[in-house]
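Okay, here's what each chain looks like letter by letter:
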Amino acid sequence: MVSSSTTAPGGARSRPRAARRVGFGGSLSRWDLKLSPYLYISPFFILFAVVGLFPIAFTAVISFMEWDLVRGTGEFIGLEQYAYVLGQPKFWLALRNTFSIFLLSSVPQLIVAVFIASLLDKNIRAKTFWRMGVLVPYVMAPVAVALIFSNMFGDRYGIINTLIQTIGLEPIPWHSNAFFSHVAIATMVNFRWTGYNILILLAAMQAVSRDYYEAATVDGAGPIRQFFSITLPSLKPTLIFVIITSTIGGLQIFDEPRMYDRPGTGGPNSQWLTISLYLYNTGWGEWNFGRAAALAWILFIIILLIGVINLFVTRNLVRDEGGHRPPTRRERRIAARDRAAMSAAVAPSSNSQEVSR
């Protein structure tokens, strides 16, 4: 151990000072503070890499191959699988059906979810009961929901057509007509997912400060004005999340069209064939996994593009009123320039006052 001493101004030597020693515990404590957060979140990323990133990368590889599942090998054929899929009329029919069901389910679902969430945000009786009640359809198995609704929308003996005939109307061809089959499948989706979106939007509404509503009431704003000027703008981040997740789920719809009839192939004329169902039939029906992988990546690109479009459209439609938006770079630069100009204007006046004194 090395010691050091210092000389006082009078010439006398001061008491020797021992060298500082860094212990192993202090170094370990610093490493713990730096690495422990990454260690805590690492299990998720490791699991995601194993069950998420690896299947995605492997699917991308076999999409360029004529893959043999039995032997686990394939022959590289380039973009032939993608060209074949895009050249099939059935693919474009499935794409049209997917977007039709998506629009018929997502748009009414979000409108109804926002409306019901605003009602549950009010001071009503038995709020907990109603809030738990809207979540009951979400916890039901999707296969059970599809089986129940497929029987309700039966062409000959369905409950809905029976009620329609009792009032003297013609029965609706829920299975043979493409549009009505899309309406039936969209109804299943709305029944199951509306409650989930209601609770997410309700949580965002309850996070809005009640001072805004009190101030708006004092200014004479009614409930409708408060909803469009305070509630809806404050829901912007939540609405973006809900719209993007609804887009991803709506374009990947599989359970409802698969269980809408017994064969589960999308109808005799592919009336309700979706991209996911077409992918399933290609992979497990035709045992062509290279083509199914190419179809999966085409669906991924479509979802990515629609999600980006939804993000920009939602940002433009839902304004920032009522939210706490951080200043942009241009706004910070203008504020700094104004402060500098104000300081420059104040400096001469202070100097003149000192000279006069």
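Residues numbered from 1 in each chain as written. Predicted model: local features only at pLDDT ≥ 70, side-chain atom pairs only at ≥ 80, totals over all residues. Heavy atoms only, no water.

> Would you take a moment to explain the side chain of Thr98 for this structure?
Mapped onto the fold, Thr98 is located in helix H3 (residues 89-120). For Thr98, a relative accessible area of 1% puts it in the buried group. The contact partners of Thr98, leaving out residues within four places of it in the chain, are Gly250, Leu251, Thr274 and Ile275. (Helix = DSSP H or I, 4+ residues; strand = E, 2+ residues; numbered from the N terminus. Buried < 20%, exposed > 50% of the residue type's maximum accessible area, 1.4 Å probe, protein only. Contact = heavy atoms within 4.5 Å.)

> Help me out: how do you make sense of the confidence of the model for the chain in this one?
Low pLDDT means the predicted atomic positions in that stretch should not be read closely. The pLDDT averaged across the chain works out to 81; a share of 81% of its residues lies at or above 70. Here residues 320-324 scores under 50 on pLDDT; set against residues more than four positions off or in separate chains, the count is eight contacts. (pLDDT = per-residue confidence, 0-100.)

> What should I look at first to understand the pattern of salt bridges in this one?
When charged atoms on two side chains of opposite charge get close, those side chains can pair. Tallying each qualifying case throughout the model produces two salt bridges. Arg210 is paired through a salt bridge with Asp121; the nearest N and O atoms lie 3.0 Å apart. On the criterion of sequence distance, the pair formed by Arg210 in helix H9 (residues 210-218) and Asp121 in the loop between H3 and helix H4 (127-133) is long-range, its members being 89 residues apart. Arg210 sits in the partly exposed class, given a relative accessible area of 37%. Under the relative-accessibility criterion, Asp121 is labelled buried at 15%. With a shortest N-O distance of 4.0 Å, Arg291 and Glu286 are connected by a salt bridge. Here Arg291 falls in the buried class, since its relative accessible area comes to 17%. (Salt bridge = Lys/Arg side-chain N within 4 Å of Asp/Glu carboxyl O.)

> What is the right way to look at the environment of Ser234 in this model?
With respect to the helices and strands, the residue Ser234 is situated in helix H10 (residues 223-234). In this structure the C-alpha to C-alpha distance between Ser234 and Val208, which are 26 residues apart in sequence, comes to 7.0 Å. Here Ile230 takes part through its backbone oxygen, which lies 2.7 Å from a polar atom of the side chain of Ser234. (Polar contact = N/O pair within 3.5 Å; in protein donor to acceptor, adjacent residues only side chain to side chain.)

> Explanation requested: helix H8 (residues 178-206) in the structure shown.
Because an α-helix completes one turn every 3.6 residues, residues spaced three or four positions apart along the sequence face the same direction. The first and last C-alpha atoms of H8 sit 41 Å apart over 29 residues, in line with the 42 Å expected at 1.5 Å per residue. Taking the largest bend as the criterion, H8 deviates by roughly 40°, centred on Trp193. Capping the start of H8 is the job of one residue whose side-chain oxygen sits 3.0 Å from the backbone nitrogen of Phe179: Asn177. (Expected span 1.5 Å × (residues − 1). Bend = angle between axes of the 7 residues up to and from the residue.)

> Would you explain the nonpolar core in this entry?
Within the largest apolar cluster, 18 residues are counted, with the highest numbers of intra-cluster contacts made by Phe91, Leu251, Ile275, Tyr278, Ile298 and Ile302. Those elements that place two or more of their residues in this core are helix H2 (80-86), H3, helix H13 (275-285) and helix H14 (289-317). With seven residues, H14 is the largest single contributor of residues to this core. If sequence neighbours within four positions are ignored, Ile275 has contacts with Phe91, Ala94, Leu95, Thr98, Leu295 and Leu299. Counting residues in each nonpolar core, the second largest holds 17 residues, with Val114, Ala204, Leu239 and Val242 among its members. (Core = buried A, V, L, I, M, F, W, Y, C linked by side-chain atoms within 4.5 Å.)

> Help me understand the environment of Ile240 in this model?
Here Ile240 shows up in helix H11 (residues 236-251). For Ile240, a relative accessible area of 14% gives the class buried. Considered as a pair, Ile240 and Asn310 are 70 residues apart in the sequence and their alpha carbons are 7.9 Å apart. In contact with Ile240, not counting residues within four places along its chain, are Leu311, Thr314 and Arg315.

> What am I meant to see in the packing of aromatic side chains here?
Under the definition given, this model contains 22 aromatic pairs. Their ring planes at 90° and their centres at 5.6 Å tell us that Trp193 and Tyr196 sit as a pair that is edge-to-face. Of this pair, Trp193 and Tyr196 both sit in helix H8, three residues apart, which is roughly one turn of that helix. With relative accessibility at 29%, the residue Trp193 sits in the partly exposed group. Take Tyr196: its relative accessible area is 26%, and that puts it in the partly exposed class. An angle of 85° between the planes, with centres 5.1 Å apart, marks the rings of Trp284 and Phe289 as edge-to-face. (Phe/Tyr/Trp six-rings, centres within 6.5 Å; stacked < 30°, edge-to-face > 60°.)

> In this structure, what is going on with the pairing of strand S3 (residues 65-68)? I would like to understand it.
Successive residues of a regular strand alternate their side chains across the two faces of the sheet. Of the two faces of S3, the one lined by Met65 and Trp67 is fully buried and the one lined by Glu66 and Asp68 carries no buried residue. Hairpin geometry of S3 and strand S4 (residues 73-76) is characterised by an intervening segment of four residues between the two adjacent antiparallel strands and by a positive phi of about 70° at Gly72. (Pairing = 2+ DSSP bridges.)

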